[in-house]
Amino acid sequence: MGAAELSAIREEIRTDPENATARAAGYEPLYVAEPAARIAVIGQAPGRKAQESGIAWGDASGVRLREWLGVDEPTFRDPDLFALLPMDFYFPGKGVHGDLPPRRGFAERWHPRILAQLPHVEFTLLIGSYAQRHYLETRDNLTTTVQRFRDFLPDRMPLVHPSPLNFRWLARNPWFETDLLPVLRRRVTETLGSG
């Protein structure tokens, strides 16, 4: 179990016919999951840059996310500390107003099997409305869900996406920085210190 099962799951994802287009383009499933991980970061789907580089959160959004978490890049990249599981492991393509959403059914199919191999995860970050709707089973809008962050503690926390394009949302919601971020950083520090 554990690492061997995770390797087998990765190979199943890679060779799944639903992912043939990505495989033909030379893309690997973009996620990080090791049995010792203590924090799971569940986001939307990789952007084009991340997919092409093969580095999850390897962009300006990742820089901001690490700032929010209060961790440096080596800590964030340590798979024994952080599991990085988007709602789809492949770039879904471009739409009229940005990237397309994660494919329906993808997370439902693969996440339970992967998360079952991560017994030490104590804290899960749910970034964006797709992850929040799936894992929190909420129909509230993103702002309301994130405002209710205390309702989901100590094991889960909803977050807005850390994209630089969300500067207007952050300006309209100053409570995110004053109320939520200190709680987030404290919970991350507690979780990483408990191992």
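Residues numbered from 1 in each chain as written. Predicted model: local features only at pLDDT ≥ 70, side-chain atom pairs only at ≥ 80, totals over all residues. Heavy atoms only, no water.

1. Structural notes on helix α6 (residues 106–115)
Thought 1: Considered for burial, the residues of α6 that qualify are F106, A107, W110, H111 and I114. Around the axis of α6, the buried residues are gathered within 105 degrees of arc, so they sit on the same side.
Thought 2: Of the surrounding secondary structure, the elements contacted by the buried residues of α6 are α1 (3–15), β1 (39–42) and α7 (129–136). (Buried < 20%, exposed > 50% of the residue type's maximum accessible area, 1.4 Å probe, protein only. Helix = DSSP H or I, 4+ residues; strand = E, 2+ residues; numbered from the N terminus. Arc of directions from axis to C-beta. Contact = heavy atoms within 4.5 Å.)

2. Details of the pairing of β1
Thought 1: Neither face of β1 is open: one carries I39 and V41, the other A40 and I42, and all of them are buried.
Thought 2: In this structure, β1 lies alongside strand β2 (residues 82–84), joined through three bridges in parallel fashion. Of the residues in β2, the one forming a bridge with I39 is F82.
Thought 3: For β1 and strand β5 (residues 123–127), the ladder comprises four bridges, and the chain directions are parallel. Across the sheet, I42 pairs through a bridge with L126, a residue of β5. (Pairing = 2+ DSSP bridges.)

3. Comments concerning the nonpolar core
Thought 1: Counting residues in each nonpolar core, the largest one holds 33 residues, and the members touching the most others are V41, F82, F176, L180 and L184.
Thought 2: Of all the secondary structure elements, the ones that give two or more residues to this core are β1, α4 (60–69), β2, β5, α8 (142–147), β6 (156–159), α9 (167–172) and α10 (175–193).
Thought 3: Of the residues forming this core, the biggest block, eight residues, is contributed by α10.
Thought 4: If near-sequence neighbours (up to four positions away) are discounted, L180 is found in contact with V146, F149, M157, P158, L159 and W175.
Thought 5: Grouped together as the second largest cluster of nonpolar side chains are 23 residues, I42, A83, A107 and I114 included. (Core = buried A, V, L, I, M, F, W, Y, C linked by side-chain atoms within 4.5 Å.)

4. Things to note about the packing of aromatic side chains
Thought 1: This structure, assessed with the given rule, holds seven aromatic pairs.
Thought 2: Residues F76 and F82 carry aromatic rings whose centres are separated by 5.3 Å and whose planes lie at 45 degrees to one another, so their mutual orientation is tilted. The pair F76 / F82 is uniform in exposure class, with both members buried.
Thought 3: Their ring planes at 80 degrees and their centres at 5.6 Å tell us that W169 and F176 sit as a pair that is edge-to-face. Both residues of the pair, W169 and F176, count as buried. (Phe/Tyr/Trp six-rings, centres within 6.5 Å; stacked < 30°, edge-to-face > 60°.)

5. As for the packing of α4 against α10
Thought 1: Closest axis-to-axis distance for the α4/α10 pair is 8 Å, and the angle between their directions is 75 degrees. As judged from the angle between their axes, α4 and α10 are roughly perpendicular. Contact residues: E67, W68 and L69 in α4; F176, L181, L184, R185 and V188 in α10. (Axes fitted to C-alpha atoms, helices over the stretch in contact; angles between N-to-C directions. Parallel < 35°, antiparallel > 145°, perpendicular 65-115°, else oblique.)

6. Overview of the side chain of H161
Thought 1: Locating H161 in the fold gives a position in the loop between β6 and α9.
Thought 2: The class of H161 is buried, set by a relative accessible area of 19%.

7. So, α10
Thought 1: The end-to-end C-alpha distance of α10, which contains 19 residues, comes to 26 Å, matching closely the 27 Å that a straight helix rising 1.5 Å per residue would cover.
Thought 2: At L181, α10 is bent by approximately 35 degrees, the largest bend along its length, and proline P182 sits one to four residues beyond.
Thought 3: If you check which residues of α10 are buried, you get W175, F176, L180, L181, V183, L184, R187, V188, T191 and L192. (Expected span 1.5 Å × (residues − 1). Bend = angle between axes of the 7 residues up to and from the residue.)

8. Digging into the sheet that holds β6
The strands that make up a sheet pair up through hydrogen bonds in the backbone, lying either parallel or antiparallel.
Thought 1: Strand order in the open sheet formed by four strands is β2-β1-β5-β6, with parallel pairing between adjacent strands. Here the strands that pair on one side only, and so sit at the sheet edges, are β2 and β6. In this sheet, neighbouring strand axes are inclined to one another by 20 degrees on average, regardless of whether the strands run parallel or antiparallel.
Thought 2: Contacts from α10 reach β1, β2, β5 and β6 within the one sheet, and its direction differs from that of β6 by about 140 degrees.

9. Concerning the packing of α1 against α6
Thought 1: At a minimum axis distance of 10 Å, the contact between α1 and α6 shows a crossing angle of 165 degrees. Overall, the two elements α1 and α6 adopt an arrangement that is roughly antiparallel. For the crossing formed where α1 meets α6, the hand is right-handed. Note on element contacts: α6 touches α1 through F106, W110, R113 and I114, opposite E5, L6, I9, E12 and I13. (Left-handed = near helix turned anticlockwise from the far one by under 90°.)

Purely geometric stuff here, so don't read any function into it on its own.
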